[in-house]
Amino acid sequence: MRKKYNNKQIEDWATIAVKDCLSMTDTLSQFIKENDKTPSWDGEVLIYKSNRTDKKDIIGKVTVQVKGEMADNINREECSFSVDMTDLVNYKNDGGTIYFVVLIDKKNPSKRKVFYDTLTPLKIDYYIKGHKNQNSRVIKLKRLPVDKYSIQTIFYNFYQDSKKQHSFSNIPPIKLRTLSSSNDIVEITSSLTIFSPNKKLSSPIQTFLNNEVYWYAKIANSPILHPIELVSEMKVVSKDGFPPIFVNGDRYDNYMSETQTKDDITIQFGESTTLVFIKNGKGARLDYRLTGMLRNRIKDLNFIISIIETGVIVFGENKKVNLGQIHANTPFDIISAKKQLESYKRIEQFWKSLQVKVDFDIGNIDSNSSLEELYLLMKSINGKQAIHINLDGEHTGYLLHKSMSNFQILLFLDAVDKKKSLYKVYNFFDYKGIFKVARGNTEYIASHYSVLSPDDYIELSNIDLSKMLPSYKILTDRNVNIFEAANYDLLNLLFAYDKHTDHPIEIHNTAKEIASWLLNESADNLHAEIKMINYLQTIKRERELSAEENKRLYEISENENSSLMFKLGANLLLENHKVARIQFEQLCEQDQEAFRSFPIYKFWK
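A few points on the structure.

So, how was this worked out
Residues numbered from 1 in each chain as written. Predicted model: local features only at pLDDT ≥ 70, side-chain atom pairs only at ≥ 80, totals over all residues. Heavy atoms only, no water. Helix = DSSP H or I, 4+ residues; strand = E, 2+ residues; numbered from the N terminus. Contact = heavy atoms within 4.5 Å. Areas by Shrake-Rupley, 256 points an atom, 1.4 Å probe, with all protein chains shown as cover. Salt bridge = Lys/Arg side-chain N within 4 Å of Asp/Glu carboxyl O. 1 Å grid on protein atoms, 1.4 Å probe; cavity = no way out; pocket = protein on both sides within 12 Å on 5 of 7 lines; lining within 4 Å. Points joined across faces, edges and corners; volume = space filled by probe spheres on them. Nonpolar A, V, L, I, M, F, W, Y, C, P; charged D, E, K, R; others polar. Pairing = 2+ DSSP bridges. Axes fitted to C-alpha atoms, helices over the stretch in contact; angles between N-to-C directions. Buried < 20%, exposed > 50% of the residue type's maximum accessible area, 1.4 Å probe, protein only. Lys, Arg positive; Asp, Glu negative; His and termini not counted.

**Focus: the overall build of the chain**
Thought 1: Helices and strands together make up the secondary structure of the chain, namely 17 helices and 26 strands.
Thought 2: Contacts in the chain between residues far apart in sequence, at least 24 positions, make up 60% of those at least 6 positions apart.
Thought 3: Accessible area of the chain: about 33500 Å², with a carbon and sulfur share of 48%.

**Points about the pattern of salt bridges**
Thought 1: Per the counting criterion, the structure on display carries 22 salt bridges.
Thought 2: One salt bridge connects Glu44 with Lys61, and the closest N-O pair in it is separated by 3.4 Å. Remark: Lys61 occurs in strand 3 (residues 58-71) and Glu44 occurs in strand 2 (residues 43-48); sequence separation between them is 17 residues.
Thought 3: Linking Lys123 and Glu212 is a salt bridge whose minimum nitrogen-to-oxygen distance equals 2.3 Å. With a gap of 89 residues between them, Lys123 in helix 3 (residues 121-128) and Glu212 in the loop between helix 5 (204-209) and strand 9 (216-219) connect regions that are remote in the sequence.

**Some words on empty space enclosed by the protein**
Thought 1: The tally for this structure, following the rule as stated, stands at two cavities of 30 Å³ or more.
Thought 2: Taken as a whole, the largest cavity holds about 70 Å³ of empty space.
Thought 3: Taken together, the elements giving at least two residues each to the lining of the largest cavity come down to helix 6 (294-310) and helix 7 (334-353).
Thought 4: Here the residues of the lining of the largest cavity are counted per class, giving six nonpolar, no polar and four charged.

**Some remarks on the sheet that holds strand 9**
Across a sheet, strands are paired by hydrogen bonds formed along the backbone, either parallel or antiparallel in direction.
Thought 1: In spatial order, the strands read 8-9-10; together these three strands make up an open sheet with antiparallel pairing. The open sheet has two edge strands with one neighbour each: strand 8 (185-189) and strand 10 (225-227). Within the sheet, the average angular offset between the axes of one strand and its neighbour, ignoring direction, is 35°.
Thought 2: Two strands pair when backbone bridges link them, and strand 8 and strand 9 are joined in this way by four bridges, in the antiparallel orientation. Bridging from a neighbouring strand, Ile185 pairs with Ile219 of strand 9.

**A few points about unusual backbone geometry**
Thought 1: With phi around 55°, Asn382 is a residue other than glycine that occupies positive phi space.
Thought 2: Following the sequence through the fold, Asn382 ends up in the loop between helix 8 (368-380) and strand 21 (387-388).
Thought 3: Classification of Asn382 as partly exposed rests on a relative accessible area of 34%.

**Re the side chain of Asp105**
Thought 1: You can see Asp105 is positioned in strand 5 (residues 97-105).
Thought 2: Lys111 is the oppositely charged side chain nearest to the buried, salt-bridge-free Asp105, at an N-O distance of 5.3 Å.
Thought 3: In contact with Asp105, other than residues within four places in its own chain, are Met70, Ala71, Ile74 and Lys111.

**A few points about the pairing of strand 3**
In summary, the side chains of a regular strand alternate between the two faces of the sheet.
Thought 1: Across six bridges, strand 2 lies against strand 3 in antiparallel orientation. What sits directly across from Val45, in strand 3, is Val62.
Thought 2: Looking at chain direction, strand 3 and strand 5 are connected through eight bridges and run parallel. Note on strand 5: the bridge partner recorded for Val66 is Phe100.

None of this, on its own, says anything about what the molecule does.
Shown next, in the form of structure tokens:
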């Protein structure tokens, strides 16, 4: 039968254990009483500058509380203990305390382990925030180090931080999320004093991870450092400076980041894979979650398959790391993963064949039916096989705007059997057939791009602007109106460029190519004034016009033979806004409405 011990015995053993630990230090002098009845506190510890305990060398004092608890297992790194809320408030008002809990072996009371928590005002706030109506709070305590230097480090830094925080005990700490937006913060700082034999220090990263660190903000026109809210766990994150990684012969650049805590190291590879190495442990724990973007999925899936097959990573040119035994949170089926990888590669190749440049959000394919629809499109694209599509109408061809996840693509459907609704599907920009457009009372052969709207230039994922100018050049011998059509499409490009929030350089460069071609190659097929004004309004979206370019516009604005509409456009680009306004008022209502619909109207003030 297990022997029971009374509270006095337990508290006496606990106090003796703490006093024994503190008596081994050089700079601490304890005044702790066994079975003390003082409310909230059991004593205090004086901190000295050195091992000389003269009164003149006292730095300050720290109050302490000691509790004892019988336990079946005392060999652990952490423990929890319930503290009265009233005591926590008292500790905060007094500037903080160091709280000790001693676990005493139930079978052999001579075996004891000391645990501690440094209850600074900021940490007490962390414990009681949102729980003020509770009678108690559970605090988490760490194993007290056995060496005297670590104990001295704990007491000295606790004293310094508590003193800084006590003056702000009634003011909320600065929130982390406000640090970057605050204009009053001059500097963010922390301080940590380490006691060590012969001044031998561990690395700065390990020093910060293994000790409690508080951060303070220097505020403009304030002589005191302001505490920043407590971070529950110190982490050191590194993203830069890592060498390339080689796995199974494949190279991965800028592919990893590292997060260190006091207990483990987590390495993030790409977007999907993490390896967690427990310090002083064996092997690694693998966690793999697929990212939504296709290219990252391919890269990450290839990486994880190689990792599992080889178990080896080479950092840089020659640092080979054997991962040892890898434990996965969920089973990883490598055969299925390889099949999935090949499927993703086929999807990527399909989008490349359609000249799609941005990445495909495959994670947004919200159902198996959507994925099957994609596979069907891949099998049938560009007339490979006819498929059944329900369409109303009697036309032999249709334009189809198709949305797939983050892509919108333009397809052309060519009827094979209208009664059976069978169509061959083509990437619109690869279709070799002839398109005709009607402008006014005239219908003529046109470029594919002449059927597009300004929104199409913004929204379509499969548009290939590099083919736009060649599509007009190839028709110059077949259609005398092709220059007029190209000029009309130029205006749509400018509309799209102005409307797009990012003003894509590719759209502007294409507009500039077409405007230059019209200026130099269209001969008498377009008015000289139209060509010059449209070319220069395209240039003006990129830079200020040169003196020579402004001279060309001035000549148009002063030419008696130029139409009023041309003069108005020239003055608008010359920024002669008062003259432009007078000329605009001289236009008939119909021409005013037409002018407002032109992209040059963006320069109106």
